Amino acid sequence: MKKTSSTAPCPNFKTPLFLSELLAAHSPSGYENEARAVIKKFVEKSADKFSIDAMGSCHAKIHGKGGPTLMLAGHIDELGLIIKHVNSKGYLYFDAIGGHDKSMISGRRVEILTKNGIIRGVTGKRAIHLMTPDDRKKVPELHQMWIDIGAKSKEEALKRITIGDAAVYDHGLETLHESLIVSRAFDDKSGAYAVNEALLRLKNAQGLSADVVAVSTSQEEIGTRGAITSAHSVNPDVALVVDVSHATDHPDADHRRYGSFELGGGPILTRGPNIHPAVFERLLECAEKNKIPVQIEADPRPTGTDARAIQVARNGIPTGLVGIPLRYMHTPSEVIDLNDLEAVVKLLVAFATSLKKGESFV
């Protein structure tokens, strides 16, 4: 697949190198070292200040001209598995890191992150031929699945892996068709890319008043944990969270329950209690002014994103949520449209440059 530089848009449907390397990084919640290294590689030299906090979130800051502080947040962690037990035959038993669909786990190639590098394995379960008719109707529980690394004994397995090692699916980036691309972990490597790419473009923006902090948060998939500490330390005047949001343009989506959202339709802007009304309105104004198509989603409760943690940090932070339309969330093969991703970056840049010195959303 051809790639472009990190600061270029996506003409001719080329995937930015920055995004490609983020997707290739292994970063299950709590084990985000590889993703942090990618963020540092692409962002540190352009930032006025770059740091990594005790939770493992990356903070990249550029200074404006005395305006408010804007926090842009996207999480770098992804779903994973964690090794819990090795039996006498050398098979590994595991638990889930984050919210897995158990029907998706079996028969996958996985990469286990060990102190000595990657160990490859396969998630196994009893073959359908060896099941009773009733068993075939059931999704196996986690303790009924295992990882096969080709070891012949517990001793051999423990020479290669350690209890507590994490694993991710071995499903990399590919082009599906034209601007549609498929990979594991667009949730939320695409959002982390967007907030950092916006920062890189804002570095050279004329007349930027706001201080902008792009935060690549850790451990979102297990409770928005990195966002809690990052929001406290940044203490922004306003925040925008970028995460994936459900595209419902597939055959069995009930639009009456989940709304109607499509790949290629532009960023999804959320409205509801988790979102500050004035921040939403500013996002909408920026989209209209810059001719960026958007889709609007209503959510009646705190969202399952970093926005829910940032909104209630300290004395409360005016927060907005920008969604990247995505099909097949929390599966090994998520799908996004590069045009939507580019539109999200442009919207973040437009919002940041719209902020004026002394402006407040409170």
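Structural notes, computed from the coordinates. What you see as residue numbers is a count from 1 along each chain, following the sequence as written. Given that this is a predicted model, residues contribute local features only at a pLDDT of at least 70 and side-chain atom pairs are listed and counted only at 80 or more, while totals for whole chains, interfaces and linings are drawn from all residues. Based on all heavy atoms of the structure, the side-chain values leave hydrogens and waters out of the count.

**Here's the deal with the packing of helix α5 (residues 186-202) against helix α10 (residues 338-354)**
Inter-axis angles, ranging from 0 to 180 degrees, are taken between N-to-C directions of lines fitted to C-alpha atoms, where helices are fitted over the stretch in contact. Numbering of helices and strands starts at the N terminus; helices are DSSP runs of H or I of at least 4 residues and strands are runs of E of at least 2. Between α5 and α10, the shortest axis-to-axis distance is 9 Å and the interhelical angle comes to 45°. Relative to α10, the element α5 lies oblique. Both α5 and α10 take part in a crossing whose hand is right-handed. When α5 is examined against α10, the residues Ser-190, Tyr-193, Ala-194, Val-195, Glu-197, Ala-198, Arg-201 and Leu-202 are found in contact with a partner set consisting of Leu-341, Glu-342, Val-344, Val-345, Lys-346, Leu-348, Val-349, Ala-352 and Thr-353. Roughly parallel refers to an angle under 35 degrees, roughly antiparallel to one over 145, roughly perpendicular to one between 65 and 115, and oblique to any angle outside these ranges. Less than a right angle of anticlockwise turn of the near helix away from the far helix marks a crossing as left-handed, whereas a clockwise turn marks it as right-handed. Note on contacts: a residue pair is in contact if any heavy atoms of the two residues lie within 4.5 Å.

**Concerning the packing of helix α2 (residues 33-43) against α5**
Between α2 and α5, whose axes approach to 11 Å, the crossing angle comes to 15°. The angle between the axes of α2 and α5 places the two elements in the roughly parallel class. Judged by the sense of rotation from one axis to the other, the crossing of α2 with α5 is right-handed. Note on element contacts: α5 touches α2 through Asn-196, Leu-199 and Leu-200, opposite Ile-39, Phe-42 and Val-43. Throughout this entry, Asp, Glu, Lys and Arg are counted as charged residues, while Ala, Val, Leu, Ile, Met, Phe, Trp, Tyr, Cys and Pro are counted as nonpolar. The remaining residues, Gly among them, count as polar. A breakdown of the residues in the contact of α2 with α5 according to their chemical character gives five nonpolar, one polar and no charged.

**Details of the environment of Ala-309**
By secondary structure assignment, the location of Ala-309 is in helix α9 (residues 307-311). A C-alpha to C-alpha distance of 27 Å links Ala-309 and Ala-167, two positions 142 residues apart in sequence. The residues contacting Ala-309, other than those within four sequence positions of it, are Thr-224, Ala-227 and Ile-228.

**Section: the pattern of salt bridges**
Each reported salt bridge corresponds to a side-chain nitrogen of Lys or Arg within 4 Å of a carboxyl oxygen of Asp or Glu. Enumeration according to the criterion identifies 17 salt bridges in this entry. A salt bridge links Glu-32 to Arg-36, with the nearest nitrogen and oxygen atoms 3.6 Å apart. On the basis of relative accessibility, which here comes to 12%, the residue Arg-36 falls in the buried class. Residue exposure (1.4 Å probe, protein chains only): buried if accessible area is under 20% of the type maximum, exposed if over 50%, otherwise partly exposed.

**Considerations on the pairing of strand β16 (residues 268-271)**
It is a general feature of regular strands that their side chains alternate between the two faces of the sheet. Here β16 runs beside strand β17 (residues 295-298); their pairing, made up of four bridges, is parallel. Counted as the bridge partner of Ile-268 is Gln-295 from β17. The path from the first strand over the helix to the second decides the hand: if it runs clockwise while the strands point away from the viewer, the crossover is right-handed. At this point the chain moves from β16, through helix α8 (residues 277-289), to the parallel β17, and the crossover so formed is right-handed. Being paired, for any two strands, means DSSP has found at least two bridges between them.

**So, the packing of aromatic side chains**
When two rings of Phe, Tyr or Trp (its six-membered ring) have centres within 6.5 Å they constitute a pair, described as stacked for plane angles under 30 degrees, edge-to-face for angles over 60, and tilted for the intermediate range. Under the counting rule described, the total for this entry stands at four aromatic pairs. Aromatic side chains Phe-18 and Phe-42 sit 4.6 Å apart centroid to centroid with 10° between the ring planes, which places their arrangement in the stacked category. Residue Phe-18 is found in helix α1 (residues 17-24), and its partner Phe-42 is found in helix α2; the two are separated by 24 residues along the sequence. Classification of Phe-18 as buried rests on a relative accessible area of 0%. Taking 5.6 Å as the distance between ring centres and 80° as the angle between the ring planes, the aromatic pair formed by Phe-18 and Tyr-193 counts as edge-to-face. Here the residue Phe-18 occupies a position in helix α1, and Tyr-193 occupies one in helix α5, the gap between them amounting to 175 residues. Here the aromatic cluster, defined as three or more aromatic residues joined through ring pairs, consists of Phe-18, Phe-42 and Tyr-193.

**Some remarks on the pairing of strand β3 (residues 49-52)**
Note: β3 against strand β4 (residues 58-62), four bridges, orientation antiparallel. By the bridge assignment for β4, Phe-50 is matched with Ala-60. The turn joining β3 and β4, which pair antiparallel and follow one another in sequence, is formed by five residues; a positive phi near 90° is taken by Gly-56.

**A few points about the side chain of Thr-69**
By the element assignment, Thr-69 lies in strand β5 (residues 69-75). Take Thr-69: its relative accessible area is 15%, and that puts it in the buried class. Excluding its chain neighbours within four sequence positions, the residues that come into contact with Thr-69 are Asp-211, Val-213, Val-234, Pro-236, Asp-237 and Val-238.

**Thoughts on the sheet that holds strand β18 (residues 319-326)**
One key point about sheets: their strands pair by backbone hydrogen bonds, in either a parallel or an antiparallel sense. The strand order β3-β4-β14-β5-β15-β18-β16-β17 describes an open sheet built from eight strands, whose pairing is mixed. Where the open sheet ends on each side, the last strands, each with one partner, are β3 and β17. With strand direction ignored, the average angle separating the axes of adjacent strands in the sheet is 25°. Direction of pairing for β16 relative to β18: antiparallel, over a ladder of two bridges. Following the sheet pairing, Leu-269 is matched in β18 by Val-322. In the packing of helix α6 (residues 225-234) onto the sheet, contacts are made with β4, β5 and β14 (211-217), and the angle to β14 comes to roughly 160°. The strands touched by α10 within the sheet are β5, β14, β15 (238-246), β16 and β18, with β18 carrying the most contacts at an inclination of about 165°.

**Some remarks on α2**
For α2, the set of buried residues is Ala-35, Arg-36, Val-38, Ile-39, Phe-42 and Val-43. Axial view of α2: buried residues confined to an arc of 160°, hence all on one face. Across α2 from its buried face, at more than 90 degrees, point the exposed residues Asn-33 and Lys-41. At its buried positions, α2 is contacted by α1, β3, β4, α5 and β14. What the arc covers is the set of directions going from the helix axis to the C-beta atoms.

**Remarks on the side chain of Ser-57**
By the element assignment, Ser-57 lies in the loop between β3 and β4. Of note is the side chain of Ser-57, whose polar atom sits 3.0 Å from the backbone nitrogen of Ser-218. Among residues more than four places away in sequence, those in contact with Ser-57 are Ser-51, Ile-52, Val-215, Ser-216, Thr-217, Ser-218, Gly-226 and Ser-230. For the purposes of these results, a polar contact is taken to be a pair of N or O atoms within 3.5 Å, where, inside protein, one atom must be able to donate a hydrogen and its partner to accept one; residues adjacent in sequence count only when each atom of the pair is a side-chain atom.

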